[in-house]
Amino acid sequence: QVQLVESGGGLVQAGGSLRLSCAASGSIYRVNDMGWYRQAPGNQRDLVARITSGGTTNYADSVKGRFTISRDNAKNTVSLQMNSLKPEDSAIYFCKQVITTIAPLMRVNDYWGQGTQVTVSS
């Protein structure tokens, strides 16, 4: 019954910015790691950025210095601020949250958002 909803994708010119958000809802006991992934046509789904429950972050080399991942634990939300966008950033972006639930039994599962399209024009 946990659901993730993404927002913030769109069409932007090279050099522009977008901010993606991903909010989880449902019977959530704890959110562990959070991350953003992207998949371009014909490619695998690749990690863009992740953030641990303790706030440690890491980024793909291709986005380092341009993208910033953050989390709001009170709102079960992970965000991705994307600056200085390039055409090669164009992809469908998916968020992932590792979530612990305790009803009826304790379980830990990966949950994925529906994906949001980011298109960067030259």
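Here, the structure is the one placed above.
Residues numbered from 1 in each chain as written. Predicted model: local features only at pLDDT ≥ 70, side-chain atom pairs only at ≥ 80, totals over all residues. Heavy atoms only, no water.

(A) Layout of unusual backbone geometry. The amide bond that connects Ala-103 to the next residue, Pro-104, takes the cis arrangement and shows omega of 0°. Note on placement: Pro-104 falls in the loop between strand 9 (91–101) and strand 10 (107–112). The residue Ser-84 is not glycine, and still its phi comes out positive at about 50°. Structurally, the position occupied by Ser-84 is in the loop between strand 8 (77–82) and strand 9. (Helix = DSSP H or I, 4+ residues; strand = E, 2+ residues; numbered from the N terminus.)

(B) Broad picture of the nonpolar core. Ranked by size, the top nonpolar core spans 28 residues in total, and within it Trp-36, Leu-80, Met-82 and Tyr-93 carry the most contacts. In this view, Leu-80 contacts Leu-18, Arg-19, Leu-20, Trp-36, Val-48, Ala-49, Phe-67, Thr-68, Ile-69 and Tyr-93; residues no more than four positions away in its chain are not counted. (Core = buried A, V, L, I, M, F, W, Y, C linked by side-chain atoms within 4.5 Å. Buried < 20%, exposed > 50% of the residue type's maximum accessible area, 1.4 Å probe, protein only. Contact = heavy atoms within 4.5 Å.)

The analysis is restricted to geometry; functional conclusions fall outside its scope.
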